[in-house]
Amino acid sequence: MSQKVSDFLLARLRAWDVEQVFGYPGDGINGLLAAWERADNRPRFIQSRHEEMSALEAVGYAKFSGRLGVCAATSGPGAIHLLNGLYDAKLDHVPVVAIVGQTHRSAMGGAYQQEVDLHSLFKDVASDFLETVNVPEQLPNVLDRAVRIAYARRAPTAVIIPGDVQDLDYSPPTHAFKMVPSSLDRSGWQAVPSEEALHRAAEVLNSGEKVAILIGQGAAGARAETEEVADVLGAGVAKALLGKDALSDELPYVTGAVGLLGTDPSYELMRDCDTLLTVGSNFPYAQFLPEYGQARAVQIDIDPHMIGLRYPYEVNLTGDARTTLQRLLPLLRRKEGRDWQEGVAAGVRQWEEVMARRADAAAQPVNPEYVARALSPLLPDNAILTSDSGSVAGWYARHIRMRGTMRGSLSGTLATMGCGVPYAIGAKFAHPDRPVVGLVGDGAMQMNGMAELITAAKYHTRWDDPRLVIGVWNNHDLNQVTWEMRAMSGSPQFLPSHELPDVSYAAFARSIGLTGIRVERPEHVEGAWRQALAAEGPAVVEFVTDPTVPPVPPHEAGAG
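Cut-offs used in this document
Residues numbered from 1 in each chain as written. Predicted model: local features only at pLDDT ≥ 70, side-chain atom pairs only at ≥ 80, totals over all residues. Heavy atoms only, no water. Phe/Tyr/Trp six-rings, centres within 6.5 Å; stacked < 30°, edge-to-face > 60°. Helix = DSSP H or I, 4+ residues; strand = E, 2+ residues; numbered from the N terminus. Buried < 20%, exposed > 50% of the residue type's maximum accessible area, 1.4 Å probe, protein only. Core = buried A, V, L, I, M, F, W, Y, C linked by side-chain atoms within 4.5 Å. Contact = heavy atoms within 4.5 Å. Pairing = 2+ DSSP bridges. Axes fitted to C-alpha atoms, helices over the stretch in contact; angles between N-to-C directions. 1 Å grid on protein atoms, 1.4 Å probe; cavity = no way out; pocket = protein on both sides within 12 Å on 5 of 7 lines; lining within 4 Å. Points joined across faces, edges and corners; volume = space filled by probe spheres on them. Nonpolar A, V, L, I, M, F, W, Y, C, P; charged D, E, K, R; others polar. Polar contact = N/O pair within 3.5 Å; in protein donor to acceptor, adjacent residues only side chain to side chain. Arc of directions from axis to C-beta. pLDDT = per-residue confidence, 0-100. Right-handed = clockwise from strand over helix to strand, strands pointing away.

Chemist: Can you break down the packing of aromatic side chains residue by residue, with the values?
Modeler: The final tally for this structure, using the stated rule, is 12 aromatic pairs. Ring centres of Phe-22 and Phe-429 lie 5.8 Å apart, and the angle between their planes is 75 degrees; on these two criteria the pair is classed as edge-to-face. With a gap of 407 residues between them, Phe-22 in strand 1 (residues 20-23) and Phe-429 in helix 15 (residues 420-430) connect regions that are remote in the sequence. With respect to class, Phe-22 is no different from Phe-429; both count as buried. Between the aromatic rings of Trp-36 and Phe-45, the centroid separation amounts to 5.0 Å while the plane-to-plane angle is 80 degrees, which identifies the pairing as edge-to-face. We classify Trp-36 as buried; its relative accessible area is 6%. Ring-pair connections join several aromatic residues into one group, and the members of that group are Phe-22, Tyr-61, Phe-429, Tyr-459 and Trp-463.

Have a look at this one:
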């Protein structure tokens, strides 16, 4: 049997070490689906409940594996449904390739069923690379470029393949005019700043007395180096929310999140510092950084297109965080005085006392802050956490303390609702031997989380560690939006838009064969988390929480 274009595509994905593709079937990719059957489901086709979930699962997989995420969808509506997840990848700088079907070439321009102008549809979200494969010889270079560019630019790319092209016999590009060859290899590379720039950066950092370090997800591979720089400079370290897992919260000078969902110590660190070092972060809220003119500043970022955007940095070092810090460290002078760093640590201890009191405050029926705070010490040191958007992101930011090899992420820049459960599923495919916990609000569960629990039920037997725990904050309210209206516009709660119908998420979980636990009393919170973490398979823990506890307490204006 001759090799079809669709067969070659799957073979090429295997050659790129792609192990699974998150997707949903449709006749626009029937040729690919037939090839999957011929290929004995390699790479594995992971069927979600909705194409948006496929894309978000690919994002979660890529975030937690450091590898390429791949999603697939049919033409027309399937392609449209991918957009939100692909925008999440674009805004959080995550490598994802979307493989999308299209109507047959003979029907293009004929107002045919499910004919959508996919280049117009994807031209922004996949602006780094977007191409349609029109002839078999085109496929290798298009797919290889999509993969390389997704990795190199940490961005989503898209490959469109019309249905009739999928079924053509594959023929490689020839050694001829207007043929484009391709190759598979992608060697590792590191960007390194110049020696002159490193010395200028060292001069800035050595001159400061009160150094603040802000880290983001780009610092995740430079944990040891970041710790050493903080020690040498006697600095405090704040974390952008996407960088929450880039450094342990057990270090006394780590102040936690900064910004709208941040902590008082992080706010004070930025308010009082005279020097700022930003590593691997594109934190967008300039109002939470030092006042302009207050601090001399240095930035390290791997992307020259994104560097220098958020603050008037004196030195911008374009380079890989780990390699750049390794080259910078010998140029730094150890600061003998530790008063600044000790003061930062004292502020962290005081903040922890405040957070403990808030979590212990009476609420009806359960304090939402206590739910997160009770979970934190119970988490295994190798746990992976996902958080949805909304008020639950605040509880994740402020009460979950990272330690060991724990990982965590959320939709940092797009802040889309409904990412918590598909991120968790993507994380389980990335690390089937590690426990995963998703923190989700009831709005996100009703939006798409409940349906995607079916995907967890479908695939959980493939995971070596069966633990996938979804914690649901059930307060019958779109809580973050409610409080934003009150805080920002002075408007009261608008019940017709904010009030949610009461749903038993635990009962739904049980109806599809998962463990389901409902908690209505604070004394049952810790036991419920323990039970879920010990379950032999996915578990849903539903906490009935008090919607009147504000996600951003008014007296903490400094923390956001």
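Having seen the model, we can carry on.
Chemist: Any chance you could break down the nonpolar core for me, citing the residues and the numbers?
Modeler: Counting 53 residues, the largest nonpolar core has Phe-122, Met-445 and Ile-470 as the members making the most contacts within it. The element best represented in this core is helix 3 (residues 51-65), accounting for eight residues. Excluding residues within four positions of it along the chain, Met-445 makes contact with Val-421, Val-440, Met-450, Leu-453, Ile-470, Val-472 and Tyr-505. With 39 residues, the next largest nonpolar core counts Ala-363, Leu-410, Val-525 and Trp-529 among its residues.

Chemist: Which residues make up the sheet that holds strand 13 (residues 384-387), and what values go with them?
Modeler: What the six strands build is an open sheet, ordered 14-13-15-16-18-17; its pairing is parallel. Two strands close off the open sheet at either side, each with one partner strand: strand 14 (407-410) and strand 17 (515-519). Averaged over all pairs of adjacent strands, the angle between strand axes in this sheet comes to 15 degrees, irrespective of strand direction. Note that strand 16 (residues 468-474) and strand 18 (residues 539-544) share six bridges and pair parallel. In the sheet register, Gly-471 faces strand 18, and the bridge partner there is Val-541. Its contacts with the sheet place helix 20 (residues 525-533) against strand 15 (436-441), strand 16, strand 17 and strand 18, and it is angled at close to 165 degrees to strand 18.

Chemist: Now, about empty space enclosed by the protein: what can you tell me, with residues and values included?
Modeler: Rolled over the atoms, a probe as big as a water molecule pinpoints where empty space is left. With the rule as written, the count across this model stands at three cavities of 30 Å³ or more. Approximately 150 Å³ is the volume found for the largest cavity. As for the largest cavity, its lining consists of 16 residues, of which Asp-249, Thr-255, Gly-256, Thr-263 and Glu-352 are closest to the centre. Those elements giving two or more residues to the lining of the largest cavity turn out to be strand 9 (254-257), helix 12 (339-360) and helix 14 (391-399). For the lining of the largest cavity, a count of residues per class yields seven nonpolar, three polar and six charged.

Chemist: Tell me about the environment of Arg-398, residues and numbers included.
Modeler: Relative to the helices and strands, Arg-398 is located in helix 14. Residues Arg-398 and Gln-166, spaced 232 residues apart in sequence, show a C-alpha to C-alpha distance of 49 Å.

Chemist: Describe the side chain of Ser-409, listing the residues and the values that go with them.
Modeler: Along the chain, Ser-409 falls in strand 14. A distance of 3.1 Å separates the side chain of Ser-409 from the side chain of Lys-63, its partner in a polar contact. Apart from residues lying up to four places away in sequence, Ser-409 is in contact with Lys-63, Phe-64, Leu-242, Leu-385, Thr-386, Ser-387, Tyr-396 and Tyr-423.

Chemist: Summarise helix 9 (residues 223-233); cite the residues concerned and give the values.
Modeler: Turning to helix 9, its buried residues number three or more, namely Glu-225, Thr-226, Val-229, Ala-230, Val-232 and Leu-233. Down the axis of helix 9, the smallest arc covering the buried residues is 165 degrees, so these residues share one side. Those residues of helix 9 that are buried lie in contact with helix 8 (195-207), strand 7 (211-215), strand 8 (236-239), strand 10 (275-279), helix 11 (321-328) and helix 12. Positive backbone phi, approximately 60 degrees, marks Gly-234, located one or two places after helix 9.

Chemist: If you had to explain the confidence of the model for the chain to someone new, which residues and values would you point to?
Modeler: Caution applies to low-pLDDT regions: their predicted coordinates should not be interpreted in detail. Residues of the chain with pLDDT of at least 70 account for 95%, and the chain-wide mean is 94. Contacts from residues 554-560, a stretch scored under 50 in pLDDT, to residues over four places away or in other chains number 24 contacts.

Chemist: Tell me about the pairing of strand 16, residues and numbers included.
Modeler: Buried residues dominate strand 16, accounting for seven of its seven residues. One ladder, built from six bridges, connects strand 15 with strand 16; its direction is parallel. Residue pairing across strands places Gly-441 opposite Trp-473, the latter belonging to strand 16. With respect to chirality, the unit in which strand 15 leads through helix 16 (residues 442-459) into the neighbouring parallel strand 16 is right-handed.

Chemist: Which residues make up the sheet that holds strand 4 (residues 96-102), and what values do they have?
Modeler: Taken together, the six strands give an open sheet; going across it, the order is 2-1-3-4-6-5, and neighbouring strands pair in parallel fashion. Pairing within the sheet leaves two strands with one partner each, and these edge strands are strand 2 (44-47) and strand 5 (130-132). Going across the sheet, the axis of each strand differs from the next one's by a mean of 25 degrees, ignoring polarity. As paired strands, strand 4 and strand 6 (residues 156-162) are joined by seven bridges and run parallel to one another. By the bridge assignment, Ile-99 is partnered in strand 6 with Val-159.

Chemist: Any details on the pairing of strand 14? Residues and values, ideally.
Modeler: Relative to strand 14, strand 13 is paired through four bridges, and the arrangement is parallel. Within the sheet, the bridge partner assigned to Ser-387 lies in strand 14 and is Leu-410. Following the chain from strand 13 across helix 14 to the adjacent parallel strand 14, one finds a crossover that is right-handed.

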